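This is what each chain is made of:
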Amino acid sequence: MVQIFARVNGTEHPLPQDSRRTLLDWLREDLGLTGAKKGCDHGQCGACTVLVDGRRINSCLSLAQLHEGDEIETIEGIGGADSLSTLQKAFVTHDGFQCGYCTPGQICSAKALMRELAEGWPSAVSEDVAAHPPISGEELRERMSGNLCRCGAYSNIIAAIEEMIAEAPGTPAGRQDA
Amino acid sequence: MKPFTLNHAQSANEALASLAGGATAIAGGTNLVDLMKLQIATPDELVSIRRTGLDAITPENDGLRIGALVTNADCAADLRVRKSWPLLAKAILAGASPQLRNRATTGGNLCQRTRCGYFYDTTQACNKREPGSGCAAREGFNRIHAVLGTSDACIATYPGDMAVALLALDAVVHVEGPQGARTISVGEFHRQPGDDPGRDNVLERGELITAVTLPAPTGGRQIYRKVRDRASYAFALISVAIDLSMEGDRIARCALAFGSLGTVPWRDPAVEAVLVGERPSPALFDKAADVLLRDARGFGKNDFKIALARRALAATLHEATKG
Ligand SMILES: Cc1cc2nc3c(=O)[nH]c(=O)nc-3n(C[C@H](O)[C@H](O)[C@H](O)COP(=O)(O)OP(=O)(O)OC[C@H]3O[C@@H](n4cnc5c(N)ncnc54)[C@H](O)[C@@H]3O)c2cc1C
Ligand code: SF4
Ligand code: FES
Ligand code: FES
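Residues numbered from 1 in each chain as written. Chains lettered and ligands numbered in written order. Predicted model: local features only at pLDDT ≥ 70, side-chain atom pairs only at ≥ 80, totals over all residues. Heavy atoms only, no water.

Novice: What should I look at first to understand unusual backbone geometry in this one?
Specialist: Phi is mostly negative for residues that are not glycine, and the peptide bonds are mostly trans. Residues and elements named next belong to chain A. Positive phi is not limited to glycine here, since Asn-9 has a value of about 50°. Positionally, Asn-9 belongs in the loop between strand S1 (5-8) and strand S2 (11-14). Of note in this structure, Asp-95 is not a glycine but carries a positive phi near 55°. Considering the arrangement of structural elements, one finds Asp-95 in the loop between helix H3 (86-93) and helix H4 (103-118). (Helix = DSSP H or I, 4+ residues; strand = E, 2+ residues; numbered from the N terminus.)

Now the structure itself:
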């Protein structure tokens with residue numbers, strides 16, 4: 001059998017031989033990267049969110065072998081205990097979690113959201129889908145709706161993301177509300 | 001999951017060869033993997049069509065050709081789609097979540113299966129999953145089920161959003177298969193259950209969706225109204241897609257499609273005929289609803305959909321026709 005590879009947080013790893021392995025199970029069980037969580041295993045919660053080539057996906061619904069050559073980033077790649085990213089620090093500042101189970105998914109999701117905003121992707125609440133979307137609380141809530149938080153830390157999660165947006169250099173201005 | 005082999009097609013022809021040999025196509029996998037985990041789908045052989053090169057959006061005549069492997073996210077982010085067919089972008093963005101849309105594809109979205117809870121529960125009777133076993137939804141918890149196009153065998157909806165917009169936009173599905181290439185209008189793509197609910201659409205064995213094409217933009221006012229249990233990341237209870245143009249104070253042209261109301265994305269020319277040439281008014285909208293719902297039938301828990309459809313239609317028409 002031909003060995004195929006994917007890069008995870010900058011390091012190349014052979015993909016699993018078992019075609020049934022999901023990307024999530026491969027990361028957690030085989031690579032020991034337990035940051036991404038299994039909340040529902042059916043695409044319904046977002047706890048398993050990771051980045052593939054910079055885009056967020058639900059790793060529980062993707063077969064690992066479909067990721068040949070992909071660049072995968074997990075929460076471990078975004079920052080660890082002594083190398084917290086700006087967004088991770090903002091989550092701490094704003095108490096963006098209680099139990100923390102959804103947090104890796106929230107942070108991966110928010111990282112991808114920044115790029116989507118910079119690229120002008122509209123959302124379901126954008127008034128004019130053809131225009132560059134404004135950054136508002138409503139927009140951020142809609143764009144984070146693929147990540148559930150059973151503890152209900154939503155308002156603090158949004159506060160953390162707003163802080164990151166305010167601090168990030170070169171992000172589009174134009175906030176309409178806060 | 002049952003064990004299966006997984007091959008990676010590098011071209012549409014390679015994919016077609018695998019499909020002819022009995023393989024099942026996997027695109028984003030956001031529906032298929034879910035169904036495989038629950039052993040509702042148990043393919044022996046999968047062929048990944050992700051790298052077949054069918055992932056481009058290109059102009060065609062005055063319209064647009066959207067490759068079957070274009071992700072829902074990329075389609076809704078495409079400036080041509082957003083400017084000239086905003087209904088399509090709006091419907092896609094109203095569905096699923098950003099993570100799912102990044103993986104879900106145009107072809108896979110069209111082929112997504114119902115969300116009937118009994119279809120997902122292998123301990124229950126379901127003619128769609130297991131022909132001849134019965135339909136647990138009929139007498140059961142059928143709140144999300146269809147009120148139009150149902151049959152004794154099955155009352156499940158096609159649950160998606162994108163196809164509802166495509167139906168209002170007169171899109172066409174392009175397919176290749178053992179018998180060559182053919183085109184199917186979106187309105188003829190999904191099948192009402194009849195006595196064979198196992199087949200959701202008219203794709204034949206071995207056929208591959210290669211693209212969806214949109215005709216020239218109409219320049220009409222386009223709205224997608226999705227009514228659901230929570231504001232985001234939920235399937236529709238009812239959705240309405242409209243593409244409408246006014247001439248003076250009269251409706252000159254109107255395309256209307258409904259999601260999660262019937263067993264298939266629903267479009268009824270008689271409804272549009274009621275509206276065209278008329279001045280918008282609550283009485284007219286009510287008349288259109290009468291025509292739309294003339295054969296509607298609830299099954300208990302979903303009776304509310306009949307009243308909801310009337311209100312959703314009126315609200316959408318009001319918004320599309322106001323000054
Ligand atoms: C939690 C959750 C919420 C969701 N909410 C919504 C929602 O609100 N609105 C909505 O519209 N959708 C929703 N979806 C469904 C989602 O849009 C679909 O799962 C997705 O569009 C399927 O696309 P895919 O590429 O992943 O298909 P896959 O899972 O890869 O395939 C689905 C089916 O299509 C077949 N197929 C795929 N591509 C082709 C092709 N080119 N030719 C022939 N056959 C093909 C496959 O063989 C398979 O049978 C939701 C899904 C989840 C998990
Ligand atoms: S409504 Fe259709 S899908 Fe649901 S249980 Fe009945 S036969 Fe199965
Ligand atoms: S574990 Fe993947 S979405 Fe819930
Ligand atoms: S912090 Fe507990 S689930 Fe979000």
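Moving on from the coordinates now.
Novice: I tried to follow the nonpolar core on my own but got confused; where do I start?
Specialist: The tendency in soluble globular proteins is for nonpolar side chains to be buried side by side. All names here are of chain B. In terms of nonpolar packing, the biggest core is built from 53 residues, with Leu-88, Leu-110, Leu-166, Val-173, Leu-208, Ile-209 and Leu-214 touching the most fellow members. For this core, the element with the highest residue contribution is helix H8 (residues 162-168), accounting for seven residues. Each of domain 1 (1-48) and domain 2 (221-321) gives at least three residues to this core. Here Ile-209 is in contact with Leu-54, Ala-68, Gly-107, Leu-110, Cys-111, Val-173, His-174, Val-175, Phe-189 and Leu-203, once residues within four sequence places are set aside. By size, the runner-up hydrophobic cluster in this structure holds 31 residues, among which are Ile-238, Leu-261, Trp-266 and Ala-289. (Core = buried A, V, L, I, M, F, W, Y, C linked by side-chain atoms within 4.5 Å. Buried < 20%, exposed > 50% of the residue type's maximum accessible area, 1.4 Å probe, protein only. Domains from an automatic or database assignment. Contact = heavy atoms within 4.5 Å.)

Novice: Even after reading the chapter, I still don't get the interface of chain A and chain B, so can you show me in this structure?
Specialist: As a measure of interface size, the accessible area lost when the parts come together is often cited. With 40 residues of chain A in contact, the opposing surface of chain B contributes 40 residues. For the pair chain A and chain B, the two sides together bury roughly 3,200 Å², of which 56% comes from carbon and sulfur. Contact with chain B buries area across many residues of chain A, yet A:Arg20, A:Leu61 and A:Leu66 alone supply 22% of it, more than any other trio. Linking chain A with chain B are two salt bridges. With a closest N to O distance of 2.9 Å, B:Lys37 and A:Asp41 form a salt bridge. Looking at the side of chain A that touches chain B, the elements with two or more residues in it are strand S4 (55-58), H4 and helix H5 (137-143) of chain A. Residue contributions to the side of chain A that touches chain B peak at four residues, all from S4(A). (Buried area = accessible area lost by both parts, 1.4 Å probe. Salt bridge = Lys/Arg side-chain N within 4 Å of Asp/Glu carboxyl O.)

Novice: Teacher, can you tell me more about the sheet that holds strand S3 (residues 49-52) of chain A here?
Specialist: Hydrogen bonds along the backbone pair up the strands of a sheet, which may run parallel or antiparallel. Residues and elements named next belong to chain A. Read across the open sheet, the five strands follow the order S2-S1-S5-S3-S4; overall the sheet is mixed. Each of the sheet's edge strands pairs with one partner strand only, and the pair in question is S2 and S4. With strand direction ignored, the average angle separating the axes of adjacent strands in the sheet is 40°. For S1 and strand S5 (residues 71-73), the ladder comprises two bridges, and the chain directions are parallel. Bridge assignment links Arg-7 to a residue of S5, and that residue is Glu-71. Contacts from H4 reach S3, S4 and S5 within the one sheet, and its direction differs from that of S3 by about 40°. (Pairing = 2+ DSSP bridges. Axes fitted to C-alpha atoms, helices over the stretch in contact; angles between N-to-C directions.)

Novice: Just checking my understanding: could you explain the pairing of S3(A) for this structure?
Specialist: In the case of a regular strand, side chains alternate between the two sheet surfaces. Residues and elements named next belong to chain A. Burial along S3 is two-sided: the face carrying Thr-49 and Leu-51 and the face carrying Val-50 and Val-52 are both buried. The antiparallel hairpin formed by S3 and S4 contains two residues in its connecting segment, where Asp-53 sits at a positive phi of about 50°. With two bridges connecting them, S3 and S5 associate as antiparallel partners. Opposite Leu-51, over in S5, you have Glu-73 as the bridge partner.

Novice: When you look at the pattern of salt bridges in this model, what are you seeing that I'm missing?
Specialist: Side chains bearing opposite charge may pair, as long as their charged atoms lie close to each other. Under the counting rule described, the total for this entry stands at 31 salt bridges over all chains. Between A:Arg115 and A:Glu119 there is a salt bridge, with its nearest N and O atoms 2.8 Å apart. On the basis of relative accessible area, A:Arg115 is assigned to the partly exposed category, the value being 34%. In this structure, B:Glu207 engages B:Arg182 in a salt bridge whose closest nitrogen and oxygen atoms are separated by 2.8 Å. Of this pair, B:Glu207 sits in the loop between helix H9 (186-189) and strand S8 (208-214) while B:Arg182 sits in strand S7 (residues 180-185), placing them 25 residues apart in sequence. Each of A:Asp25, A:Lys38, A:Asp41 and B:Lys37 takes part in a single network of salt bridges with overlapping partners.

Novice: What is the right way to look at the sheet that holds strand S2 (residues 24-26) of chain B in this model?
Specialist: Residues and elements named next belong to chain B. Here three strands make up an open sheet; going across it, the order is S1-S3-S2 and the pairing parallel. Only two strands of the sheet have a single neighbouring strand rather than two, namely strand S1 (5-8) and S2. Going from strand to strand, the sheet's axes swing by 30° on average, the running direction of each strand aside. Here four bridges tie S1 to strand S3 (residues 45-48), and the two strands are oriented parallel to one another. Directly across from Leu-6, in S3, lies its bridge partner Leu-46.

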